Amino acid sequence: MIKRVCIDKAISRYDVNTNITRECPEKKFKNIRNPLLDFFRLPAAMFVVFLHCKFPGTLGIYVQGLARFAVPFFFLISGYFMFNCRRDLYRVKKLTINQLRMCILMELLSMLSQSSLGIETLYKKFISFGALKRLCLGIYGTYGAGWFLYSLLICHVFAYAYFRFIADKHKMLERWVSILAYILLCTHLILNMTVMRSIESDMLVSNFWLMGFPIYYLGFKLHLIIEKNDVANIKMIGIVLLIIGIVETIFASTFLCSDLYIGSVLVAIGLLLYALAHTSNAFPGWFNSLGGVCKNLSFLIYILHLHVWRLLETSWRFSRMNYLKPIAVVAITVAFSALFVVGINKGE
């Protein structure tokens, strides 16, 4: 009798028509973390700081070129892990709501940092629907450095609609979405290689349409490719792409005094593939814990560094030591972020 009941429960959770195991919304989603990938988040977040707070001179050119991999890296891993949730729309919706909360937090912190402008100015900013314009139109203004959070939120909304209405249901529409993503990515790469680069940076929603969406969708496709290939092949491909991307970035920074951006994308893909070739069982327990800490630190560094950077921009008095300013921003931001992480761990 007990055996029969177990069989009935198993059958009731299986859809014969779609061959997909149903996920109950109440069931906690078990997400398999990759500690090496989580570890890579920390240096990527630090490179984001160097993108906003630049080193002077030749050093700044090289650091800027190498640091540009960070933003596509975060879009890429977000798309990759979101594709894991394609059978669990409840999880996708939950992640989207969490991202919305991050955007609200960003708005509150930004308003707090501009409190010196006065209540009247802040009220005018509020009634001008600045947050709505940043979210829907990509008009970031003085919030330009925080565009990533808003673009990632739109990407999550796209992911929910894509999994709900398009994926595995409308093959033709699915192909057109892929074509659109590849066209936008190629457009972004071409604009970075030509004199139109300055035009591209001023376009509305350029950050979302020409970087966020295509790189995020590329994470979807990489997930499918990784599922069909051997781990050894993935690891080797990741190393090759990583080397090519770094060499291209250094070459472009040296001879063109700029990065063509294609090297940054290759570095991001290479890091993702190399990390995914390693399972959590390949690392000791302390490294798995370290990966979780790095993941939390990377998020806090991104949120807090904008305000530390703006504070130092107005208070920095050492003009001859500007090369220390980016290091100071990183040090202060990491210190505050570590305090938050310690507080969260003690609370748990």
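Residues numbered from 1 in each chain as written. Predicted model: local features only at pLDDT ≥ 70, side-chain atom pairs only at ≥ 80, totals over all residues. Heavy atoms only, no water.

Engineer: So what's going on with the environment of I97? Residues and values would help.
Structural biologist: Looking at where I97 falls in the secondary structure, it is placed in helix α5 (residues 89-113). For the pair I97 and L153, spaced 56 residues apart in sequence, the C-alpha separation works out to 8.6 Å. (Helix = DSSP H or I, 4+ residues; strand = E, 2+ residues; numbered from the N terminus.)

Engineer: Go over the pattern of salt bridges with me, naming the residues and quoting the values.
Structural biologist: Overall, the coordinates contain four salt bridges when judged by the stated rule. Residues R41 and D38 are paired through a salt bridge, measuring 3.1 Å at the closest nitrogen-oxygen approach. Separated by three residues within a single helix, R41 and D38 lie in helix α2 (residues 35-52), roughly one turn from each other. Summarising the burial analysis for this pair, R41 and D38 share the class buried. The partner of E227 in a salt bridge is R86, and the shortest N-O contact between them spans 3.7 Å. Highlighted residues: E227 in helix α11 (residues 206-227) and R86 in the loop between α4 (70-84) and α5, separated in sequence by 141 residues. E227 gets classed as partly exposed once you look at its relative accessible area, which sits at 48%. (Salt bridge = Lys/Arg side-chain N within 4 Å of Asp/Glu carboxyl O. Buried < 20%, exposed > 50% of the residue type's maximum accessible area, 1.4 Å probe, protein only.)

Engineer: Go over the packing of α2 against helix α3 (residues 57-67), please, and point to the residues and values.
Structural biologist: Relative orientation and spacing of two packed helices are given, respectively, by the angle between their axes and the distance between those axes. Closest axis-to-axis distance for the α2/α3 pair is 9 Å, and the angle between their directions is 130°. With respect to their mutual orientation, α2 and α3 come out oblique. At the point where α2 passes α3, the crossing takes the left-handed sense. On α3, the residues that touch F47, F50 and L51 of α2 are V63, Q64 and A67. Taken together, the residues that form the contact of α2 with α3 break down as five nonpolar, one polar and no charged. (Axes fitted to C-alpha atoms, helices over the stretch in contact; angles between N-to-C directions. Parallel < 35°, antiparallel > 145°, perpendicular 65-115°, else oblique. Left-handed = near helix turned anticlockwise from the far one by under 90°. Contact = heavy atoms within 4.5 Å. Nonpolar A, V, L, I, M, F, W, Y, C, P; charged D, E, K, R; others polar.)

Engineer: With reference to specific residues and values, describe the layout of surface pockets.
Structural biologist: Of the voids in this model, the largest pocket is the one considered here, and its volume is about 1000 Å³. What lines the largest pocket is a set of 30 residues, and nearest its centre among them are R33, R41, L95, M102 and K295. Elements with a minimum of two residues in the lining of the largest pocket: α2, α4, α5, α8 (147-166) and α14 (285-315). Considering each element in turn, the lining of the largest pocket owes the most residues, seven residues, to α14. (1 Å grid on protein atoms, 1.4 Å probe; cavity = no way out; pocket = protein on both sides within 12 Å on 5 of 7 lines; lining within 4 Å. Points joined across faces, edges and corners; volume = space filled by probe spheres on them.)

Engineer: An account of α8 is requested, with residue identities and associated values reported.
Structural biologist: Between its first and last C-alpha atoms α8 spans 27 Å; for 20 residues at 1.5 Å apiece the expected length is 28 Å, and the two agree. Among the 20 residues that make up α8, 14 are buried, leaving the element largely enclosed by the rest of the structure. With its phi angle positive at about 65°, D168 sits one or two positions after the end of α8. (Expected span 1.5 Å × (residues − 1).)

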